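Take a look at the letters that make up each chain.
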There are 2 protein chains.
Amino acid sequence: MLAVGKELLIGRTLNTNAHWMGKRLARMGTMLKQVTTVDDDLGEIASAFRGIARRSPDFLVVVGGLGPTPDDMTLKGVADGLGVSLRRNDVALRLMREHYAMRGMGKVELTPARLKMARLPAGAEPLLNETGSAPGVRLATGGTTVYCLPGVPAEMKGIFRRAVEPEIRARVGKLNRRYVTMKLEGALESDLAPLIAAELRRHPGAYVKSHPKGTREGVSRIELDVAVVGDRKEWADRECRAIVAEMKEGVVGLGGTVRAVRGAGG
Amino acid sequence: MLAVGKELLIGRTLNTNAHWMGKRLARMGTMLKQVTTVDDDLGEIASAFRGIARRSPDFLVVVGGLGPTPDDMTLKGVADGLGVSLRRNDVALRLMREHYAMRGMGKVELTPARLKMARLPAGAEPLLNETGSAPGVRLATGGTTVYCLPGVPAEMKGIFRRAVEPEIRARVGKLNRRYVTMKLEGALESDLAPLIAAELRRHPGAYVKSHPKGTREGVSRIELDVAVVGDRKEWADRECRAIVAEMKEGVVGLGGTVRAVRGAGG
């Protein structure tokens, strides 16, 4: 994901879009590989876009900066990154007209600020935005499918669900993910480390990670995540259960306790 | 900032560290320029580190992955990115011993997992972590000062406040920032766009950005941020007040209303 917006860099807005999209992709059994957040700056957007595209990810989702104001310069930045120009797109223009008409604003004048939202990088296609005025954008470069989505969460989510997710799902295939969080007390993370290393050797491809949550009354508290992804549901269930049982035994062996096990497949 | 941690990419953990640090830097009159988030993966960390270092920022803060577990590989990734090796650091070792001793765990064995936290990239110096066991790290490369801080927010904040902020503040100098948010109703963002463009022409260097907040009972709601940074407090105050007054006039001219003006310098 390439997230564009000064508000994300000055502590005005938490990047909940990355959080939401990361969770959705993880549930599908795939993963958001990298998130880069840049300022509303043409050079920054173009340079970050080129840097990411060079690594040829399957998908790149650019979020934010599609609106009508001067700081909304994502499409120009992406076009610069691609070395193409912006062109008025008639389908995008029609989508915008329909957006205003449906809101009883059929007579809204298509000012330069509004027309800007219908100027897409050459070769791109617009994506219907059911909630806001700026259409999303889809284009292909090298082996990468690029989506540009608005930063307003409701608009981003609507277009992602309808236009992005089905395409990613088709590429990923059907995967089953089991994800469990164990709440541990009384064990030090540094003592868990060799147990985790052993689990990772015993169950290649599994994910076992500890998150220290400080101490309460001198007792160390840790959340331990276990995740397994596989095409066979029964296998993923079995692997996840085995890791949880083995870690539980290890934690008790260290003099700690497992306070809770939460999640699917535990 | 280079944030390291799968939990940030799978929607487990919101990147509140970037939010907190961004806000603190903005208040100082400077800015977090870019945030890149990568997985707990040696190659990803090293490659992202090199990509950022190549652009020679004044400061690079790497957050997360300093702990004792197998997925904590930030220092190795940074060392790989720098093309240096990890070396046991005696000061780091002493800081760790003191950490355990102060918690009545003076007899804690320095296992390989714990010793790992005292292995720093060659040329680096450790930074006292008053809250957790893993020391922070400071090193220099090219014109860039690099800090590696733990991902646990309390530990990150403690080291940032004590060891990072004074150095950034010394470089930035004393700047005054005025930052105001205006809550607007009844104006379309696309109609505000030319007003904002005019303000940015009239007040070069100022920051004026609209954040659409949807509609309530068919009435469009927008938050408009105005920020001015300067070395003279009176000038920053005056500029900020002027922009707010001019935007207010513009919004009323569009048939909208200003519901509230919040922040310092308004």
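Keep in mind it's a predicted model, so treat the numbers as computed, not measured.

Things to note about the relation of the copies chain B and chain A
The two chain copies are related to each other by a rotation about an axis together with a translation along it. Take chain B, turn it by 180°, move it 0.0 Å along the axis, and it overlays chain A with an RMSD of 0.0 Å. A rotation of that kind, with that shift, is consistent with a two-fold axis. Considering only C-alpha atoms, the residue of chain B closest to the rotation axis is Thr36(B), which sits at 2.2 Å. Here 98% of the contact residues of chain B are again contact residues in chain A; the copies associate through an equivalent surface.

Describing the environment of Asp41(B)
All names here are of chain B. For Asp41, the location among the structural elements is in the loop between strand S2 (34-38) and helix H3 (42-53). The sequence separation of Asp41 and Val261 amounts to 220 residues, and the corresponding C-alpha distance is 45 Å. Here the side chain of Asp41 touches Gly43 through a polar contact of 3.1 Å, landing on its backbone nitrogen.

Remarks on helix H2 (residues 16-27) of chain B
The end-to-end C-alpha distance of H2(B) is 17 Å, a good match for the 16 Å that 12 residues give at a rise of 1.5 Å each. Where H2(B) is concerned, the buried positions are Asn17(B), Ala18(B), His19(B), Trp20(B), Met21(B), Gly22(B), Leu25(B) and Ala26(B). Tucked inside the fold, the buried residues of H2(B) contact helix H1 (6-9) of chain A together with S2, strand S3 (59-63), helix H7 (153-172) and strand S9 (176-185) of chain B. Note on H2(B): the residue one or two positions beyond its end, Gly29(B), has a positive phi of about 90°.

Quick look at the side chain of Asp39(B)
Take Asp39(B): it is sitting in the loop between S2 and H3. Judged by relative accessible area, which is 13%, Asp39(B) ranks as buried. Of the polar contacts made by the side chain of Asp39(B), one reaches the side chain of Lys6(B); its length is 3.3 Å. Discounting chain neighbours no more than four positions away, the residues touching Asp39(B) are Met31(A), Lys33(A), Val4(B), Gly5(B), Lys6(B), Leu9(B), Glu44(B) and Ile45(B).

As for the pairing of strand S2 (residues 34-38) of chain A
Residues and elements named next belong to chain A. Most of S2 sits inside the fold, with five of its five residues counted as buried. By the alternation rule, side chains of S2 split into Gln34, Thr36 and Val38 and Val35 and Thr37, which are all buried. For strand S1 (residues 2-4) and S2, the ladder comprises three bridges, and the chain directions are parallel. By the bridge assignment, Ala3 is partnered in S2 with Thr37.

Considering the interface of chain B and chain A
Listed as interface residues are 58 residues of chain B and, on the opposing side, 57 residues of chain A. For the pairing of chain B and chain A, the buried interface totals around 4,600 Å² over both sides, and the portion due to carbon and sulfur atoms is 57%. Applying the counting rule to chain B against chain A returns 14 salt bridges. Residues Glu223(A) and Arg12(B) are paired through a salt bridge, measuring 2.9 Å at the closest nitrogen-oxygen approach. At the junction of chain B with chain A, the criterion picks out 19 residue pairs in polar contact (both at pLDDT 80 or more). Contributions of two or more residues to the side of chain B that touches chain A are made by helix H1 (6-9), H2, S2, helix H6 (112-116), S9, helix H8 (189-202), strand S10 (207-216) and strand S11 (219-230) of chain B. In terms of residue count, the dominant contributor to the side of chain B that touches chain A is H8(B) (eight residues). Partitioned by chemical class, the residues of the side of chain B that touches chain A number 25 nonpolar, 16 polar and 17 charged. In this sheet, S2(B) lies alongside S2(A) in antiparallel orientation, the contact comprising five bridges. In the sheet register, Val35(A) faces S2(B), and the bridge partner there is Thr37(B).

Cut-offs used in this document
- Residues numbered from 1 in each chain as written.
- Chains lettered and ligands numbered in written order.
- Predicted model: local features only at pLDDT ≥ 70, side-chain atom pairs only at ≥ 80, totals over all residues.
- Heavy atoms only, no water.
- Least-squares fit on C-alpha atoms with pLDDT ≥ 70 in both.
- Contact = heavy atoms within 4.5 Å.
- Helix = DSSP H or I, 4+ residues; strand = E, 2+ residues; numbered from the N terminus.
- Polar contact = N/O pair within 3.5 Å; in protein donor to acceptor, adjacent residues only side chain to side chain.
- Expected span 1.5 Å × (residues − 1).
- Buried < 20%, exposed > 50% of the residue type's maximum accessible area, 1.4 Å probe, protein only.
- Pairing = 2+ DSSP bridges.
- Buried area = accessible area lost by both parts, 1.4 Å probe.
- Salt bridge = Lys/Arg side-chain N within 4 Å of Asp/Glu carboxyl O.
- Nonpolar A, V, L, I, M, F, W, Y, C, P; charged D, E, K, R; others polar.

Geometry only, nothing functional implied.
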